[in-house]
Amino acid sequence: MLTCKNLVLTAIAISVLSTAAFATDTVQPLIDGATYTQPRQMVEVEPGRSLNLHCAGTGSPTVVLESGLGVPLSNWGFVQPVVARKTRTCAYERAGLGFSDAATRASDSKNIVDDLHRLLVAAAIKPPYVLVGHSYGGMTVRLYADTYPTEVVGMVLVDPSVEDQLAGYRALDPQKRDAEQYYVDTVEPNLRDGRECVAAASTGFAKGTEMFKKCISDPFVQYSEAVNASNQKQEMGQAMQKAGLSEGEQVFGASADQVRASRHSYGKLPLIVLTSGPRPPPKDPQTPEAQALSAARRQLWVTLHDDVAKLSTRGVNEIVPGAKHYIQLDKPQAVIDAITRVVAMAQDAK
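Let us look at the structure shown here. (Residues numbered from 1 in each chain as written. Predicted model: local features only at pLDDT ≥ 70, side-chain atom pairs only at ≥ 80, totals over all residues. Heavy atoms only, no water.)

1. Quick notes on the packing of helix α2 (residues 109–122) against helix α3 (residues 136–147)
Link 1 in the chain: It is at 9 Å that the axes of α2 and α3 come closest, and there the two elements cross at 65 degrees. With respect to their mutual orientation, α2 and α3 come out roughly perpendicular. Crossing hand, α2 versus α3: right-handed. In this structure, α2 contributes Ser-109, Lys-110, Ile-112, Val-113, Leu-116, His-117 and Leu-120 to the contact, and α3 contributes Tyr-136, Met-139, Thr-140, Leu-143, Tyr-144 and Thr-147.
Link 2 in the chain: Along the lines of polarity and charge, the residues of the contact of α2 with α3 split into 8 nonpolar, 4 polar and 1 charged. (Axes fitted to C-alpha atoms, helices over the stretch in contact; angles between N-to-C directions. Helix = DSSP H or I, 4+ residues; strand = E, 2+ residues; numbered from the N terminus. Parallel < 35°, antiparallel > 145°, perpendicular 65-115°, else oblique. Left-handed = near helix turned anticlockwise from the far one by under 90°. Contact = heavy atoms within 4.5 Å. Nonpolar A, V, L, I, M, F, W, Y, C, P; charged D, E, K, R; others polar.)

Following this line, the structure appears as structure tokens:
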């Protein structure tokens, strides 16, 4: 689920991914149940503002699951129950997303990290943590590890966004646009759509209208009808549209700057990066130039993840064949296995 369908392009479609990344294969059984259709534990992170938290299992370290841009915790529905058989796992919804209260400040990585730390303290979920971050969440958990290094004993990054990816893709731009023009041409149109969606949410969305089609996500084939209906209801609210827009505005702005400024070696911290598999060739024939550009973009995506993995002497980047951007939905066992390995390494290091 992606708040304002076009807005998520600010985080990933600038890279090798396309909107086809969300047309995933059906996985049985479907993600279902009250865990994803009603609030679980509303934890106050500041007076009058609470975040929705769902924890399961027992043991240490605690696995903390951080979702991608504009996404509720249901996207961990295949992964969390399995990992919870081995250790405690906690997923939550950022300010304005899902059942969490509306955000009161920009949804940049620094503020998200602050909220997450407050949440863990208020819920008495003590470290050590293994942090798992998907897409935009991958940048956030890295900043958390930089900010609270003594609390983190491992990380799994699931097809993560990277602070320098916008500059990297601009360098491949056949039109050789400068940074400002490239941003205006590739990112700003999606942000304009996001602002229109926020305005439309103030008066409500009517199903079947153009604004509904533009702003509200298509159902996920991995979710039950009840979960899709619940997610859609939340997404039609102005709080979630605003949160998604703010995240889209920050990901390649303040958030990228924050993560870049804090970037340093993680020493021997267990770290696994999972990269989605290559996209299938488009149905329509491509020119040789377009094929070369697509291949270069794909290689850059892998290289960016290789570079993040190298921040730890124990870091590895693993490509997951057949997985699109939502690896946790397409190939959940790959994510489960990676988390299990990092948890084991963290436990062995005690």
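2. Details of empty space enclosed by the protein
Link 1 in the chain: Tallied over the full model, the rule gives 2 cavities of 30 Å³ or more.
Link 2 in the chain: Of the pockets and cavities examined, the largest cavity occupies roughly 100 Å³.
Link 3 in the chain: Arg-49, Tyr-92, Arg-94, Ala-95, Ala-103, Arg-105, Ala-106, Ser-107, Asn-111, Ile-112, Asp-115 and Glu-247 together form the lining of the largest cavity.
Link 4 in the chain: For the lining of the largest cavity, the element with the highest residue contribution is α2, accounting for 3 residues. (1 Å grid on protein atoms, 1.4 Å probe; cavity = no way out; pocket = protein on both sides within 12 Å on 5 of 7 lines; lining within 4 Å. Points joined across faces, edges and corners; volume = space filled by probe spheres on them.)

3. Digging into the packing of aromatic side chains
Link 1 in the chain: The tally for this structure, following the rule as stated, stands at 4 aromatic pairs.
Link 2 in the chain: Residues Phe-220 and Tyr-326 carry aromatic rings whose centres are separated by 5.5 Å and whose planes lie at 80 degrees to one another, so their mutual orientation is edge-to-face. Pair noted here: Phe-220 is in the loop between α7 (210–215) and α8 (225–235) and Tyr-326 is in the loop between β8 (315–320) and α12 (327–330), with a separation of 106 residues, a long-range link. Both residues of the pair, Phe-220 and Tyr-326, count as buried. (Phe/Tyr/Trp six-rings, centres within 6.5 Å; stacked < 30°, edge-to-face > 60°. Buried < 20%, exposed > 50% of the residue type's maximum accessible area, 1.4 Å probe, protein only.)

4. Observations regarding the sheet that holds strand β6 (residues 152–158)
Link 1 in the chain: Strand order in this open sheet of 8 strands is β1-β2-β4-β3-β5-β6-β7-β8, and the pairing throughout is mixed. Edge positions in the sheet fall to β1 (41–46) and β8, since each has one partner strand and no second. Neighbour to neighbour, the strand axes of the sheet diverge by 25 degrees on average, direction disregarded.
Link 2 in the chain: Summarising the sheet, β6 and strand β7 (residues 271–276) pair through 4 bridges and their orientation is parallel. Residue pairing across strands places Val-158 opposite Leu-274, the latter belonging to β7.
Link 3 in the chain: Relative to β1, α2 is tilted by about 120 degrees, and along the sheet it contacts β1, β2 (49–56), β3 (62–66), β4 (89–92) and β5 (129–134).
Link 4 in the chain: Along the sheet, helix α13 (residues 332–348) contacts β3, β5, β6, β7 and β8; its crossing angle with β6, the most-contacted strand, is approximately 165 degrees. (Pairing = 2+ DSSP bridges.)

5. Some points on the state of the cysteines
Link 1 in the chain: Considering all chains together, one arrives at 2 disulfides under this definition.
Link 2 in the chain: The disulfide partner of Cys-55 is Cys-90, and the gap between their sulfur atoms is 2.1 Å. Handedness of the Cys-55-Cys-90 disulfide follows from its S-S torsion of about 115 degrees: it is right-handed. Taken as a pair, Cys-55 in strand β2 and Cys-90 in strand β4 lie far apart in primary sequence, 35 residues in all.
Link 3 in the chain: Here Cys-55 falls in the partly exposed class, since its relative accessible area comes to 28%.
Link 4 in the chain: In this structure Cys-90 comes out as buried when scored by relative accessible area, which is 1%.
Link 5 in the chain: Two residues share a disulfide in this structure: Cys-197 and Cys-215, whose sulfurs sit 2.1 Å from each other. (Disulfide = S-S within 2.5 Å.)

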